Each structure stands twice: as C-alpha cells, then as structure tokens.
Amino acid sequence: MPELPEVEVVRRGLADHVAGRTIAAAEVRGHRVARRHVPGAQDLADRLRGRTLAGAHRRGKYLWLALADGGVVPDEALIVHLGMSGQMLVADPRTPEPRHTHARLTFTDGGGELRFVDQRTFGGFSLAELVDGVPTSVAHIALDPFDPDYDRAAVIADVKRRRSGIKRVLLNQAVVSGIGNIYADEALWRAGIHGERLASALTGPAIGRLLDHAKDVMADALEQGGTSFDELYVNVNGASGYFDRSLSAYGQEGRACPRCGTAMRREQFMNRSSTSCPRCQVRPRGV
DNA sequence: AATCGAGCCTGCAGGC
DNA sequence: TGCCTGCAGGCTCGAT
C-alpha cells in the first residue's frame, strides 16, 4: 500500500496519539506478524511491556517507534512495516476489533489502544537496536527525498550506474526510498519518461528532474492526506486521504492524458501494472 | 555483483 | 447464484 505520503500520515498520527505513552500490555498474534523477530511473537510482546514510546520516526516506507525506559535515551525501536495493507489504528478499547488485527498495545494511562490491522500480512513488527537514531535493520534503506541529509547528486549518480529499467530503479528502496507504484507512475508521467528506459542511458539532468517530480508529487499527496481508493489506506483515526482525485497516470488506463489528450495505456511490467501516456512517454526501442 | 522473476497473503470485481 | 481468473499502495529470496 502505503507509500511515503501514506506512511507519513500514519507517523504523524502516532506522534500525536502515542508518543510519550507507556505500554501496559502488548499482544502479538500469530507467527507472520513477527516473522522478522526471530525469537517469536510472544518474546516481542514481552519485550514491549513497560516501555515508553519516545517518538515516531520514518525513513521511506519504514516506520519506527523509539523505545525508552524512563528518561534514558532510547536505544531500541519497534519497527513497523505496513506492507500492502497494514494499518495502525488508535481506538477506544471498548470498540469491536476489526478482522485481521494482529497486534494490540494498551497503555498505562488507560486511553486509546493501538491496533495493527493487516489484511494481507505482508507487513509486520520487529525490534532492532538504534544506532545514531536509526534501527540497524533499516540502515540499508536509502534516505528518502524529504530527509535533511538526502543527497540528490549522489542519488543521480547511483541511478546512472544501474543497468535496469528506470521504473525498477525508482522502486528500489536501496537507491531512493519511499516511492511505490503510484508515485513512480506519476513521477514518470510528469517527467515524460517511459519506465522501461534504461536508467544508465538517461542523462544526469533528466534523472534529477525525475527525482524532483517524485518528491513533488509525494509532497502534493501528503498535503491531501495521501492516496486512498478504499478503506485499506487510512490514518490512525480511520480517515482517508483524497489524492486519488489528483492522479494523472496511476490507474487512469483509457482516460485522456491530462497533458495531450491521448488515451492512457496500461502495460504489464515487472509483474505489476504501469500506466503511462503513449505519446508523452515513448516506449524505448528494442525492449 | 547485479538483475530478474516468483512467491508470500486475503479480498474484491468481472466474466462466464 | 456460483466458480474462476486476475488484480491490488511491497518486499524477499533463489536462480542466473
């Protein structure tokens, strides 16, 4: 699901509603949700109990809650990945639990509990040590374009050495993080580049413009609370964003290109759909 | 070393 | 009304 803007919406909700609170009890159900935590779900739950959530952080699509004991500087984090369908919901403990609730955290203040709901279970929880404020298991993820230390020139250089289609490179979270299928299609449309163009064959300035479009479209989406076509993509209160109304390419097969009026086409590419304008985004020859 | 594709899940829409 | 296929905001892993 959720790409950077949607994950950021969730992060802000967590910062507002759970930061500073202390976990009274944690319940982590089933193996899959904790599959990245080798000692298992029960061990993960046990390690969360009594800890204070010091803050909510994000890099790309990875979210983490820093864990502290009293006033000590946090040295560990609960990492949350939403996968394709994960939700973090703050809810009144008396309200009925949604289907596919895989984890629950209750707090010592007795207020709203935190629920992890995930229909497809591609998401999950794990624990990791914090080093310089970043969990060790997130360290291999590239900085996203909103990170103060994001190095645009370095990312351009990295993209340029990749001998693979530019869309695949945009989706590679080790090159630049946060971009998923929606915002890749939108950025490519804005830049007028077909996703199967070889990354290494693009000029540096063209790559720079494409990355800037990716950042801009994600910023636009964030202003509107993210993109949601259904109730799978919601903030911690269950509310949807409405950037879906502003999409130019993603999911727009058959509609007129907003720039030139040509009917948008859909192609299968890397096992997923890509929608683009046949006129503004010319498919490379020989691919 | 990189790059590619299949596989992991559940639910929904559309075609027959 | 089924039943079947295809598809969905992501990532990981094994084979080349």
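All residue numbers here refer to positions counted from 1 along the written sequence of the relevant chain. Ligands are numbered from 1 and chains lettered from A, in the order in which they are written. It should be noted that, the model being predicted, local features are given only for residues of pLDDT at least 70 and side-chain atom pairs only at 80 or more, the latter also being counted only at that level, while totals for whole chains, interfaces and linings use all residues. Side-chain measures here rest on the full set of heavy atoms in the structure, leaving out hydrogens and waters.

Peer 1: Please set out the sheet that holds strand β4 (residues 76-81) residue by residue, giving values where relevant.
Peer 2: A sheet is described by the order of its strands in space; here 5 strands give the open sequence β2-β3-β4-β8-β9, paired in antiparallel fashion. Of all strands in the sheet, those with a lone pairing partner are β2 (52-59) and β9 (134-135), marking the two edges. In this sheet, β4 lies alongside strand β3 (residues 62-68) in antiparallel orientation, the contact comprising 6 bridges. Its bridge partner being in β4, Leu-63 is matched across the sheet by Val-80. Every residue pair with non-hydrogen atoms within 4.5 Å of one another is taken to be in contact. Each axis is a line fitted through C-alpha atoms, taken for helices only over the stretch in contact, and angles between the N-to-C directions span 0 to 180 degrees. A run of H or I in DSSP counts as a helix once it spans at least four residues, and a run of E counts as a strand once it spans at least two, with each numbered from the N terminus. In the packing of helix α1 (residues 4-17) onto the sheet, contacts are made with β2 and β3, and the angle to β2 comes to roughly 165°. In the packing of helix α2 (residues 41-48) onto the sheet, contacts are made with β3, β4 and β8 (124-131), and the angle to β8 comes to roughly 55°. At least two bridges found by DSSP between two strands is the condition for calling them paired.

Peer 1: I'd like a rundown of the packing of aromatic side chains, residues and numbers included.
Peer 2: Each Phe, Tyr or Trp ring (for Trp, its six-membered ring) is paired with any other whose centre lies within 6.5 Å, and the angle between the two planes then decides the class: stacked below 30 degrees, edge-to-face above 60, tilted in between. Tallied over the entire structure, the rule returns 2 aromatic pairs. Ring centres of Phe-116 and Phe-125 lie 5.0 Å apart, and the angle between their planes is 45°; this geometry places the pair in the tilted category. Comparing Phe-116 with Phe-125, the two get one shared label, buried. Both rings, one in Tyr-183 and one in Phe-243, keep their centres 6.3 Å apart while their planes meet at 40°; by these two values the pair is tilted. Residue Tyr-183 is found in helix α5 (residues 181-191), and its partner Phe-243 is found in the loop between α6 (204-223) and β10 (265-269); the two are separated by 60 residues along the sequence. One exposure class covers both Tyr-183 and Phe-243, and it is buried. Exposed residues in this analysis have more than 50% of their type's maximum accessible area, buried residues have under 20%, and partly exposed residues fall in between, with area computed by a 1.4 Å probe over protein chains only.

Peer 1: I'd like a description of the environment of Phe-107, backed by residues and values.
Peer 2: Within the element layout of this structure, Phe-107 appears in strand β6 (residues 101-107). On the accessibility criterion, Phe-107 (5% relative accessible area) is buried. Taking C-alpha positions, Phe-107 is 11 Å from Leu-48, a pair spaced 59 residues apart along the chain. Leaving out residues up to four positions away in the same chain, Phe-107 has contacts with Val-18, Arg-21, Thr-22, Ile-23, Ala-24, Leu-53, Gly-112, Glu-113 and Leu-114.

Peer 1: Which residues make up the protein's contact with DNA strand B, and what values do they have?
Peer 2: Near DNA strand B, the surroundings consist of Arg-32, Arg-99, His-100, Gln-119, Arg-120, Phe-122, Arg-162, Arg-163, Ser-164, Arg-168 and Asn-271. The protein-proximal atoms of DNA strand B, defined as those within 4 Å of the protein, are 59% sugar or phosphate. Think of a polar contact as two N or O atoms within 3.5 Å of one another; within protein, one of them needs to be a possible hydrogen donor and the other a possible acceptor, and neighboring residues in sequence only count if both atoms come from side chains. Within the backbone of Arg-163, one N or O atom sits 2.6 Å away from a phosphate oxygen of DNA strand B. One of the side-chain N or O atoms of Arg-168 is found 3.2 Å from a base nitrogen in DNA strand B. A class-by-class count of the residues in the surface near DNA strand B yields 1 nonpolar, 4 polar and 6 charged. In this text, near means that some heavy atom of the residue lies within 4 Å of the molecule or strand in question. All amino acids are sorted into three groups, where Ala, Val, Leu, Ile, Met, Phe, Trp, Tyr, Cys and Pro are nonpolar, Asp, Glu, Lys and Arg are charged, and the leftover types, Gly among them, are polar.

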